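Listed below are the residues making up each chain.
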Amino acid sequence: APDRGRGGAATLLATTSLETLAGQLGVEAVDHRRFRMNFGIEGVDAHAEDAWRGRRVRVGEAVVIPQGHVGRCVITTQDPDTGRTDLDTLKALAAYRGDLETTEPLAFGVHAAVAEPGRVRVGDPIVAGLAYGRVRAMHDENGDVVEEAYPARPVQVQGLSTVPRAGDTFLVTEDDRTARQIDEK
């Protein structure tokens, strides 16, 4: 998270984690802007990012190393457009994640140090555990389509062939063939 200084220059959150939280709250969706994530990761199980702590995770040309959980505060209860309190996200997080062993209270996502800065582009071939594919689309924090993202630009990435296991390393490869070969190993 930006408030973690050099030790946490990026945040990662599985979009399925947002869906799970929405279910806990009894709403259709939770606006991702409440959680100021840099990377919304699609194609992974809810809270898969919890298991990535200490591992090198490649996102496009960048490599990040998740350091710990992001503890959430009262700002997440407020509508990003109006600033009015409208969802009790903290109560929901406490109800279903409160007894987990985490580095922060009310953990939701992870903060990561940037090991190798780089950019992510639509079309980049990627592999994560047994899943492979290309970055099909990226969206910024407002839901607008973006073609490439530089370090510290928050984006949501789509494009894996299947759901990788928690802790699988994400790699960008030179081409699809290399991604499939890595997947087969």
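Residues numbered from 1 in each chain as written. Predicted model: local features only at pLDDT ≥ 70, side-chain atom pairs only at ≥ 80, totals over all residues. Heavy atoms only, no water.

1. Let's talk about the pattern of salt bridges
Inclusion rule: Take a side-chain nitrogen of Lys or Arg and a carboxyl oxygen of Asp or Glu: if they are within 4 Å of each other, that pair is a salt bridge. Partly exposed describes any residue whose relative accessible area lies between the buried limit of under 20% and the exposed limit of over 50%, with all areas from a 1.4 Å probe on protein chains only and scaled to the type maximum. Only DSSP runs of H or I with at least four residues qualify as helices, and only runs of E with at least two residues qualify as strands; both kinds are numbered from the N terminus onward.
A complete count under the given rule lists seven salt bridges for this structure. Here Asp-31 makes a salt bridge to Arg-33, at a shortest N to O gap of 2.7 Å. For Asp-31, a relative accessible area of 25% gives the class partly exposed. Notably, a salt bridge pairs Arg-58 with Glu-116, separated by 3.8 Å at the nearest N-O pair. On the criterion of sequence distance, the pair formed by Arg-58 in strand 3 (residues 57-59) and Glu-116 in strand 5 (residues 107-116) is long-range, its members being 58 residues apart. According to the relative accessible area criterion, Arg-58 is partly exposed, its value standing at 23%. It is possible to trace a salt-bridge network through shared partners that takes in Asp-31, Arg-33 and Asp-81.

2. What to know about the pairing of strand 10 (residues 155-160)
For clarity, the cut-off: Between any two strands, pairing holds if DSSP finds at least two bridges.
Counting buried positions along strand 10 yields six of six residues, so the element is predominantly enclosed. Direction of pairing for strand 2 (residues 39-41) relative to strand 10: parallel, over a ladder of three bridges. Looking at the pairing, Gly-40 lines up with Gln-156 of strand 10.

3. A look at the confidence of the model for the protein chain
Low pLDDT marks stretches whose predicted atomic positions should not be read closely. The cut-off we apply is this: A residue's pLDDT is the predictor's confidence in that residue, given on a scale from 0 to 100. Contacts: residue pairs with any heavy atoms within 4.5 Å of one another.
Residue-level pLDDT values for the protein chain average 80, and 82% of them are 70 or greater. Mean pLDDT values for the elements of the protein chain range from 59 in strand 11 (residues 170-172) up to 93 in helix 1 (residues 15-25). A low-confidence stretch, residues 1-7 (pLDDT under 50), is modelled with 18 contacts involving residues beyond four sequence positions or located in other chains.

4. Considerations on the packing of aromatic side chains
Note the cut-off: Two aromatic rings from Phe, Tyr or Trp, using only the six-membered ring of Trp, form a pair when their centres are within 6.5 Å; if the ring planes differ by under 30 degrees the pair is stacked, by over 60 it is edge-to-face, and anything between is tilted.
Applying the stated criterion across every chain yields a total of one aromatic pair. The interplanar angle of 55° and the centroid separation of 4.8 Å between the aromatic rings of Phe-35 and Phe-108 together place this pair among those described as tilted. Taken together, the residues Phe-35 in the loop between helix 1 and strand 2 and Phe-108 in strand 5 connect sequence positions 73 residues apart. Its relative accessible area of 0% is what places Phe-108 among the buried residues.

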